[in-house]
Amino acid sequence: MSSVRAVRPTPSTAPPAPSFDVQRIRRDFPILSQKVHGMPLVYLDNAATTQKPISVIEAERDLYERFYANIHRGVHWLSVESTEAYERVRETVRCLLHAAEAREIVFTRGTTEAINLVAATYGRTHVGAGDEVLITALEHHSNIVPWQMLCEEKGAKLKVAPIDLRGELILEELERLLSDRTKIVAVSHVSNALGTVNPIGEIVRLAHAKGIPVLVDGAQAAPHLEVDVQALDCDFYAISGHKIYGPTGVGVLYGKAQLLDAMPPYQGGGDMISSVTFEKTTYNVLPYKFEAGTPNIAGGIGLKAAIDYVHGIGLSQIRRHEEGLLALATEKVGAISGVRLIGTAREKAAVLSFTVEGVHPHDVGTVLDRQGVAVRTGHHCAQPVMDFFKVPATARASFAFYNTPEEVEALVAGLHEVKRMFA
Amino acid sequence: MSSDLRDLYQEMILDHGKRPRNFRALAKANRRAEGYNPLCGDRETVYLEVEGDRVVDAAFEGAGCAISTASASMMTEALKGKSREEAETLFEKFRDLITGETKAAAGGPPLGKLEVFSGVREYPVRIKCATLPWHTMRSALHGDAAVISTEDGAEASPKDEPRPTTPPAKVC
């Protein structure tokens, strides 16, 4: 284990990073020089998806131009090269999440598929009639619906730990809801709608005290926070490539090896088997048991380039820069009369959700768009969160390390335009 | 404000968005339907009082954006006194106006003030905001009980309109 930990790019062991130069970083992202409606693009929809650095775009191109073939199959040179490159992605992801072993890293289409995988395998094996699955009131639909489907199938109950008016999880309530019937806890690390950072370590400790495993939806956390699945001691952790500057269609499920080993396969097909006869099929070892069919090879290659890029900047630098942007935006946007900030948790990541009195979020979004400012408007695939705050929708600005204080000012100016128009 | 935004948010639309007319539950309504846009969470209920073949009163309730609220408000004004067939023709003409299609038959009542919605055509993602009240009204008129969703494949849904992914015409 110590040799594994030695390669971790943690802030304490990494060499001092070069000073953070946002303008230099922006030049690595071709799309950021785009103009929209004649205005410079101000991209503040990073919680929906992030833009791609040139290194990610080039990595996919390089694969297809030089060494693309199917993986885990052929003896020919291209296949060997592709396979080795793809397996290096797994190692890079292991490093990102600080997992103990690469075989604990399962590639999926994204966070959604990773959660569905656990619900369909671990869930179907362990959740029965009268059992309970515990989620929170902060979840994205992708961490609600798979569990709802499972509960419906098995006659189990879906329990929901509540939040307070700041958008923080009420930990005592969560603890109270952990019962003898609870078979799994599924919780987001960072709320996509509000930006709340949940105390995962504490939640895991409470659940493990009762022998209950914890799945963490890390889609919104991995781009912003240093994630250490061993320190968190969570049992499953799911991320999406496209939220961390990588391609769409590739994601990751981390699972503790002993849990993954005991789980039945998810989908059947090629690559997930050791041997097949019409009488009996022997499944492959981890992680291939869960990777049926030809995977998103190019997506994986792009994901590695993305993670390398993020590590090149350093997550601690990223966090510091984004915290500055969030503090500035919270102050400036919050100071506009008629603006109500939705989600004011004490610990937040790069998300500012708000409403403007008397103006529907879609109108806010359209007026901002015409000024080049891209924000998300709607329920953010978290309708229960909207219901809790009694709003049909919000406008949401979400930041990445390539955003600037000037872009926060553009958002503020845009909101003043919204107010002038609908005054 | 940029001039093209003004094409969308015309004064009359802003006015009806802020101060919607016929914004109430209609006590004497004998037709009603609920419209829902799951993409933005907007809900509205359209009430009609129909006597014989004629819409004698129309009203609506609910929460929506400026475009859908103004559309519902001006729709209820336009419907009063219209026959079923005229209401249907208005629906088709209105849909043509904002989708740029020409499916409606010639003749029948003119769109009149409703022409202010022509700017919506340049904002494909907002088309459903403008058409939701009209689809809901049509459902009420036909006596369909189900909630009308902008995302259903149902007959009354705006499925034949451009998908939201259609790029806006004026992107530079």
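The following paragraphs examine the structure supplied in this document.

Basis of the calculations
Per chain, residues are indexed from 1 in the order of the written sequence. Chains carry letters from A onward and ligands carry numbers from 1 onward, assigned in written order. At least 70 in pLDDT is required for a residue's local features to be given in this predicted model, at least 80 for side-chain atom pairs to be given and counted, and no such filter applies to totals for whole chains, interfaces and linings, which use all residues. Computation of side-chain values covers all heavy atoms of the structure but excludes hydrogens and water. Segments assigned H or I by DSSP are reported as helices when at least four residues long, segments assigned E as strands when at least two residues long, and all are numbered from the N terminus. Residue contacts follow a heavy-atom distance rule, with two residues in contact if any of their heavy atoms lie within 4.5 Å. For the accessible areas, the method is Shrake-Rupley and the probe is 1.4 Å, while residue cover comes only from the protein chains on display. Helix span, expected: 1.5 Å multiplied by one less than the number of residues in the helix. Burial here depends on accessible area, computed with a 1.4 Å probe over protein chains only, as a share of the maximum for the residue type. Under 20% is buried, over 50% is exposed, and the range in between is partly exposed. Here, a strand pair is defined by DSSP locating no fewer than two bridges between the strands. In this description, a line fitted to the C-alpha atoms serves as the axis of each element, helices being fitted only across the stretch in contact, and the angle between N-to-C directions of two axes falls anywhere from 0 to 180 degrees. Salt bridge, as used here, is a side-chain nitrogen of Lys or Arg placed within 4 Å of a carboxyl oxygen of Asp or Glu. Between the rings of Phe, Tyr and Trp (Trp by its six-membered ring), a pair exists once the centres lie within 6.5 Å; its type follows the angle of the planes, with under 30 degrees stacked, over 60 edge-to-face, and the other angles tilted.

**Quick look at the overall build of chain B**
Tallying secondary structure elements over chain B gives 5 helices and 4 strands in all. Reading the secondary structure of chain B in the N-to-C direction produces α-α-β-β-β-α-α-α-β. Across chain B, contacts joining residues at least 24 apart in sequence account for 59% of those joining residues at least 6 apart. Taken as a whole, chain B presents about 7,300 Å² of accessible surface, with 51% of it coming from carbon and sulfur.

**What to know about helix 4 (residues 84-99) of chain B**
Residues and elements named next belong to chain B. Counted at 1.5 Å a residue, the expected span for helix 4 with its 16 residues is 22 Å, and the 23 Å between its end C-alpha atoms agrees. By the criterion of burial, helix 4 is predominantly enclosed, with 12 of the 16 residues buried. With its phi angle positive at about 80°, Gly100 sits one or two positions after the end of helix 4.

**Section: the sheet that holds strand 16 (residues 376-378) of chain A**
All names here are of chain A. Taken together, 4 strands build an open sheet; the order of strands is 13-14-17-16 and the sheet is antiparallel. Strands at the two margins of the open sheet, each flanked by one partner only, are strand 13 (339-342) and strand 16. Averaged over all adjacent pairs, the angle separating strand axes in this sheet is 30°, with direction ignored. Alignment of strand 13 against strand 14 (residues 351-356), held across 4 bridges, turns out to be antiparallel.

**Regarding the pattern of salt bridges**
Residues and elements named next belong to chain A. Using the criterion set out here, one finds 37 salt bridges over all chains in the structure. Residue Glu291 is joined to Arg90 by a salt bridge in which the shortest nitrogen-to-oxygen separation is 2.8 Å. Of this pair, Glu291 sits in the loop between strand 12 (281-283) and helix 11 (297-313) while Arg90 is found in helix 4 (residues 77-97), placing the two residues 201 residues apart along the sequence. A relative accessible area of 7% places Glu291 in the buried class.

**Section: the packing of aromatic side chains**
Residue and element names in this part refer to chain A. Inspection of the entire model under this criterion finds 16 aromatic pairs over all chains. Where Tyr245 meets Phe401, the ring centres are 4.5 Å apart and the plane angle is 40°; that geometry is what we call tilted. One end of the pair, Tyr245, is in the loop between strand 9 (236-240) and strand 10 (251-255); the other, Phe401, is in the loop between strand 17 (394-398) and helix 15 (405-422), with 156 residues separating them in the sequence. Owing to a relative accessible area of 0%, Tyr245 belongs among the buried residues under this scheme. Classification of Phe401 as buried rests on a relative accessible area of 0%. Between the aromatic rings of Tyr245 and Tyr402, the centroid separation amounts to 5.9 Å while the plane-to-plane angle is 80°, which identifies the pairing as edge-to-face.

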